[in-house]
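These are the residues of each chain, in order.
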Amino acid sequence: MSDSGTLTKTGLVALTDVNKHFGELHVLKDINLSLAKGEVVVVIGPSGSGKSTLCRAINRLEPIDSGTITLDGQPLPSEGKALARLRADVGMVFQSFNLFAHKTILQNVTLGPSKVRGQSKSVAEEKARGLLERVGVTAQADKYPAQLSGGQQQRVAIARALAMDPKVMLFDEPTSALDPEMIKEVLDVMVDLARQSMTMIVVTHEMGFARRAANRVVFMADGQIVEEAEPERFFTDPQTKRAQDFLSKILTH
Amino acid sequence: MDVISEFFSEYDGLQAFRTTIYLTLLSAVFALLIGTVVAVMRVSPVRVLQILGAAYVNIVRSTPLTLVIVFCNLGLFLQLGLSLANKDSNTFIVDNNFRLAVLGLSVYHASFVAEAIRSGVNTVPLGQAEAARAIGLPFLKTLRYVVLPQAFRGAITPLGNVLIALTKNSTVASVIGVTEASAVMKVMMEDRPDVLFIVFGIFAIGFVILTLPIGILFTSMSKRLAVKR
């Protein structure tokens, strides 16, 4: 287990004193967070706590007001080509999948490698088929996203992100839009990924996943990181009142 | 009904409608190109481009087409000396007027095309562009590979409307001497006021024959090419 305190300067992903407002609303308050290579961090907290914004800030889908975010020691570029290059190294999985609706499953996975990395069609396709096999949707390669179930779409979205060989993967509530029976198939893929030492930030309420795969749980409320602990300790012995309240609400049902 | 045979023989009405079709098709291609560029400017993150795009649409769209076409001839050609054909050619005046008309029709309808495409862009969920940016596509590639292909499919119906309007608006080219269908109609009506309604009818039917298939084609395309979400 890594000690988060000593990683602040050396982490693969490091956020320092990050602040963000939506108008009057202060959504991120002095966020400090660092991830070592291969670490899996689960971000948990009530809705409106800023956890999705935190996740989206890391590849600058949400620009921040102050503070710094670094990836592999490099601060995030503000706009343009440099930012696009950085995003190519950060995989992102959305709550609503966001597969390209006009492209087939295979084309969804090959678009990035061919248009961003400049890979040839055959190389990109071979790799894409491998990834689709890994997430278990090989049979759907020539279908369109709307023809797939939510669980299948989300697994394709994971394959699409992996096709870019990302240094870190961001998951923004990846199972919140799924029917219960499809949640497991997506979580299985994610657990598998965690076992292969992918660095991951996962915004989720899936405590089973946190227990099985996470190195650390970060609990957020009202835009602040309130508590950080390893999963077992966080779920069985939360230290702050805020976390105790939150857990009592989600555990009693 | 000798007037109908005169339409084909004496007045060469088919040639006139052919000119209408050429005017329409050429202008449609250029209007689509210009309109796409203007729409991209309007949705771009660059403030200056947004303002220029909005200014183009609002100024051109609010100007009567007759004024635009007349300006192309009197302003661009006669005053500023812009000619779009070879001056030594025997057919210089005809070619030049035709091309100036294409210019005017293209510039004018591009503003409507731009708005149709922009409405198409609005049918594409924000998450599509976010996902494109998240895999590292820069702005123009995000538009080219993800947003615009879906936007065009969402804009087929309004684009069809623009094409139908363009077909009929091409008649305005007659004011700068392009011999398209309505110019020939005017001549026929002056020669044969006795069968005025029949002459009207012939040309009205001609335009229906041109525009009706466009409407049917675009309706079927909008269904066939719709992006399933």
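So, how was this worked out
Residues numbered from 1 in each chain as written. Chains lettered and ligands numbered in written order. Predicted model: local features only at pLDDT ≥ 70, side-chain atom pairs only at ≥ 80, totals over all residues. Helix = DSSP H or I, 4+ residues; strand = E, 2+ residues; numbered from the N terminus. Buried ≥ 20, exposed ≤ 12 C-beta atoms within 10 Å, placed from the backbone. Contact = placed C-beta atoms within 7 Å. Axes fitted to C-alpha atoms, helices over the stretch in contact; angles between N-to-C directions. Parallel < 35°, antiparallel > 145°, perpendicular 65-115°, else oblique. Left-handed = near helix turned anticlockwise from the far one by under 90°. Nonpolar A, V, L, I, M, F, W, Y, C, P; charged D, E, K, R; others polar. UniProt positions renumbered as here; feature names shortened; annotations may be inferred. Pairing = 2+ DSSP bridges.

A count of helices and strands for chain B gives 10 helices and 0 strands. Counting from the amino terminus, helix and strand elements in chain B follow one another as α-α-α-α-α-α-α-α-α-α. Across its three principal axes, chain B shows a C-alpha extent of roughly 70 × 45 × 30 Å. With 229 residues in all, chain B has 41% of them scored as buried. By sequence separation, contacts in chain B at least 24 residues apart represent 75% of the contacts at least 6 residues apart.

Our next topic: the packing of helix α6 (residues 150-162) of chain A against helix α7 (residues 180-195) of chain A. Residue and element names in this part refer to chain A. Relative orientation of the contacting elements α6 and α7 amounts to 15°, with a least axis distance of 8 Å. In terms of their interaxial angle, α6 and α7 are classed as roughly parallel. Seen from above, α6 lies across α7 with right-handed handedness. On α7, the residues that touch Gly-150, Gly-151, Gln-154, Arg-155 and Ile-158 of α6 are Met-182, Glu-185, Val-186 and Val-189. Across the contact of α6 with α7, the residue classes break down as 4 nonpolar, 3 polar and 2 charged.

Within this numbering scheme, the UniProt entry marks residues 13-247 of chain A as carrying the feature "domain: ABC transporter" (unreviewed entry). Between the first and last C-alpha atoms of residues 13-247 of chain A the distance is 27 Å; the span itself is 38% helix and 26% strand.

Residues and elements named next belong to chain A. Judged by pairing direction, the sheet is mixed, and its 6 strands sit side by side in the order β6-β7-β8-β3-β9-β10 without closing on themselves. The open sheet has two edge strands with one neighbour each: β6 (90-93) and β10 (224-229). In this sheet, adjacent strand axes meet at a mean angle of 20° when their direction is disregarded. Two strands pair when backbone bridges link them, and β6 and strand β7 (residues 168-172) are joined in this way by 4 bridges, in the parallel orientation. Across the sheet, Val-93 pairs through a bridge with Phe-171, a residue of β7.

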